[in-house]
Amino acid sequence: MAEQAIWNEAREMAVYHPGQKVEIKHRPGVIDTVIAYDPMMVPPVMLASDPQPRYPEELTLVSQPAIAFDWRHPWPKAPIDRAIPNRRQLVKA
């Protein structure tokens, strides 16, 4: 039974991650952003624009566009626009 509770808590943490858009059920049309999920707090979901923490049952998830991710190149290579100085060169501010 305790294992099931831990699994449900972990699933909620994954669903209500920071940045997830949600709608408060009793205020239709009001979209807010999850800033934290704290399982030690009751209710556990904290929103950016709402001072009152919420239970997951009070929220509806708002779909977000999928993020493109290429597992072969997880970090984009930024072009180096200037040479990196070594220890013997002076760094000009």
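Residues numbered from 1 in each chain as written. Predicted model: local features only at pLDDT ≥ 70, side-chain atom pairs only at ≥ 80, totals over all residues. Heavy atoms only, no water.

**Q** Could you clarify how one ought to interpret the environment of Asn-8 in this entry?
**A** As for its position among the elements, Asn-8 is in helix α1 (residues 2–15). Overall, Asn-8 belongs to the partly exposed group, its relative accessible area being 28%. Side chain to side chain, Asn-8 and Arg-11 meet in a polar contact 2.6 Å long. (Helix = DSSP H or I, 4+ residues; strand = E, 2+ residues; numbered from the N terminus. Buried < 20%, exposed > 50% of the residue type's maximum accessible area, 1.4 Å probe, protein only. Polar contact = N/O pair within 3.5 Å; in protein donor to acceptor, adjacent residues only side chain to side chain.)

**Q** Help me understand the pairing of strand β2 (residues 31–37) in this model?
**A** The side chains of a regular strand alternate, residue by residue, between the two faces of the sheet. As paired strands, strand β1 (residues 21–24) and β2 are joined by three bridges and run antiparallel to one another. Opposite Val-22, over in β2, you have Asp-32 as the bridge partner. Taken together, β1 and the strand that follows it, β2, pair antiparallel across an intervening segment of six residues, in which Gly-29 is found at a positive phi of about 90 degrees. (Pairing = 2+ DSSP bridges.)

**Q** I would appreciate a short explanation of the side chain of Arg-54 in the present structure.
**A** Topologically, Arg-54 is positioned in the loop between β3 (45–47) and β4 (59–61). With relative accessibility at 4%, the residue Arg-54 sits in the buried group. Within polar-contact distance, the side chain of Arg-54 engages the side chain of Glu-58 at 3.0 Å. Setting aside residues no more than four positions away along its own chain, Arg-54 makes contact with Ile-24, His-26, Arg-27, Pro-43, Pro-44, Val-45, Leu-47 and Leu-59. (Contact = heavy atoms within 4.5 Å.)

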